[in-house]
Amino acid sequence: FLTNKPLSYSVILYRVEGLTLGLNRLIFVVDHLSALFSIALGILGFTVSIYAIKYMDLYVGHESLRFFGVNYSSFLLMMYLVITAYDIVWFIVFWELMTVTSQFLVSFEKERAVARAAGYKYFFMAKAGSELIVVFILIVIIYLTRFNTSFDAIRYTLSLLARAYPNVTALLFVILFIGLGVKAAIYPLHSWLPDAHSEAPSNISALLSGIMVKMAVYMMARSFYWFAPSLIYVALIKPIIEVL
């Protein structure tokens, strides 16, 4: 990593002749962008976990700490997988699992109706955003060669798509931005945030605001790298070509 070479690891789950669909392999890459968010997640996750040791005593005898521990650990793991997965299909799988585990943590005090309502609101709004990301994935996969869904293939496909269908490329950018914007709590897609923060345990609230919403920021930064050449072509190069 210090030599500017990303760390990568891949596992072939099964082989299909002539097909490289993302689900048949796991690819994890740690480059400068994912390393930055991994460090932030590590620091915040560690400090919040230390704080939670005493804080969770408040729930002894009232709520299941085992249930909390399983979802808390899974939540942290899913965030790490989100920022290191280098395939768009596996990214959305881990993204959805991150949403599910965090929803359980938001509504941890399940005996309180207001906590359950906050958890449901967060889940359904996040799910709506996820569906927009899925729409983006499906449209891109249609244009992919051999269904290679790695991030490198996505970027290459979008560069070709921008030249053939510039309006479709612009629409894809909007769809992905809105889908990620729900999780990032960008106005006016932020209405889940006040309820979730006020009803979640304090340590979970810290993770939600401190790092989980940044998962969407991470993907926005990653996708800007995908779309930048395409958007430059649509906004600058294509009009010049048409004039000439």
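Residues numbered from 1 in each chain as written. Predicted model: local features only at pLDDT ≥ 70, side-chain atom pairs only at ≥ 80, totals over all residues. Heavy atoms only, no water.

Caption draft 1: Layout of the nonpolar core. Within the largest apolar cluster, 68 residues are counted, with the highest numbers of intra-cluster contacts made by M79, I88, F94, W95, M98, F136 and W226. Looking at which element gives the most residues to this core, the answer is helix α8 (residues 202–243), with 13 residues. Contacts of M98, omitting those with residues within four sequence positions, involve F75, M78, M79, V82, K183, M212 and M215. (Core = buried A, V, L, I, M, F, W, Y, C linked by side-chain atoms within 4.5 Å. Buried < 20%, exposed > 50% of the residue type's maximum accessible area, 1.4 Å probe, protein only. Helix = DSSP H or I, 4+ residues; strand = E, 2+ residues; numbered from the N terminus. Contact = heavy atoms within 4.5 Å.)

Caption draft 2: Up close: helix α2 (residues 65–84). For α2, built from 20 residues, the straight-helix expectation of 28 Å at 1.5 Å per residue is met to within 8% by its first-to-last C-alpha distance of 29 Å. Those residues of α2 that fall on the buried side of the exposure criterion are F68, N71, Y72, F75, L76, M78, M79, L81, V82, I83 and T84. (Expected span 1.5 Å × (residues − 1).)

Caption draft 3: View of the packing of aromatic side chains. Under the definition given, this model contains 14 aromatic pairs. Between Y59 and F108, the aromatic rings sit 5.3 Å apart at their centres with planes inclined by 75°, giving edge-to-face as the arrangement. With a gap of 49 residues between them, Y59 in the loop between α1 (32–55) and α2 and F108 in the loop between α3 (88–106) and α4 (113–142) connect regions that are remote in the sequence. Look at Y59 and you get buried, because its relative accessible area is 8%. The buried category is assigned to F108, whose relative accessible area is 3%. Each ring, one from F91 and one from W95, has its centre 5.3 Å from the other, and the planes form 40°; the classification is tilted. Residue F91 and its partner W95 are located together in helix α3, separated by four residues, close to a single helical turn. In this pair, the class of F91 matches that of W95, namely buried. Here the aromatic cluster, defined as three or more aromatic residues joined through ring pairs, consists of Y51, Y55, Y59, F68, Y72 and F108. (Phe/Tyr/Trp six-rings, centres within 6.5 Å; stacked < 30°, edge-to-face > 60°.)

Caption draft 4: Structural context of the environment of A196. Among the secondary structure elements, A196 is positioned in helix α7 (residues 192–199). Judged by relative accessible area, which is 0%, A196 ranks as buried. Note: C-alpha distance between A196 and F123 (73 residues apart in sequence) is 9.9 Å. For A196, the contacting residues outside a window of four places in its chain are V106, A118 and L208.

Caption draft 5: How the structure looks around the confidence of the model for the protein. Of the residues in the protein, 83% reach a pLDDT of 70 or more, and the chain-wide mean stands at 80. At the level of individual helices and strands, the protein shows its lowest average pLDDT in strand β1 (residues 7–12), which scores 69, and its highest in α2, which scores 92. Long-range and interchain partners of residues 240–244, a stretch whose pLDDT sits below 50, account for one contact in this model, where long-range means more than four residues apart. (pLDDT = per-residue confidence, 0-100.)

Caption draft 6: Highlighting unusual backbone geometry. For the peptide bond that leads from Y187 to P188, omega is 5°, which places it in the cis range. Within the secondary structure, P188 sits in the loop between α6 (166–184) and α7.

Caption draft 7: The arrangement of the pattern of salt bridges in detail. Applying the stated criterion across every chain yields a total of seven salt bridges. Two residues, R112 and E199, come together in a salt bridge whose shortest N-O distance is 2.9 Å. In this pair, R112 sits in the loop between α3 and α4 while E199 sits in helix α7, placing the two residues 87 residues apart along the sequence. One salt bridge in this structure joins K121 and D195, with 3.1 Å as the shortest N-O distance. Highlighted residues: K121 in helix α4 and D195 in helix α7, separated in sequence by 74 residues. Here K121 falls in the partly exposed class, since its relative accessible area comes to 30%. A single salt-bridge network, built from bridges that share partners, covers E96, K127 and E131. (Salt bridge = Lys/Arg side-chain N within 4 Å of Asp/Glu carboxyl O.)

Caption draft 8: Region of the structure containing the side chain of S223. Inspection of the secondary structure puts S223 in helix α8. Each residue touching S223, except ones within four places of it in the same chain, is listed here: L176 and L180.

Caption draft 9: Here's a closer look at the environment of F123. Checked against the element boundaries, F123 lands in helix α4. Note: C-alpha distance between F123 and T99 (24 residues apart in sequence) is 6.8 Å. Once residues lying within four places of it in the same chain are set aside, the contact partners of F123 are T99, V100 and Q103.

Caption draft 10: Broad picture of a nonpolar patch on the surface. A cluster of nonpolar side chains, contributed by F46, I50 and I53, occupies part of the molecular surface with about 340 Å² of accessible area. Tracing the backbone through its elements, the reader meets F46 in helix α1. F46 gets classed as exposed once you look at its relative accessible area, which sits at 57%. (Patch = residues over 30% accessible without salt bridge, like charges linked within 9 Å, V, L, I, M, F, W, Y side chains within 5 Å. Areas by Shrake-Rupley, 256 points an atom, 1.4 Å probe, with all protein chains shown as cover.)

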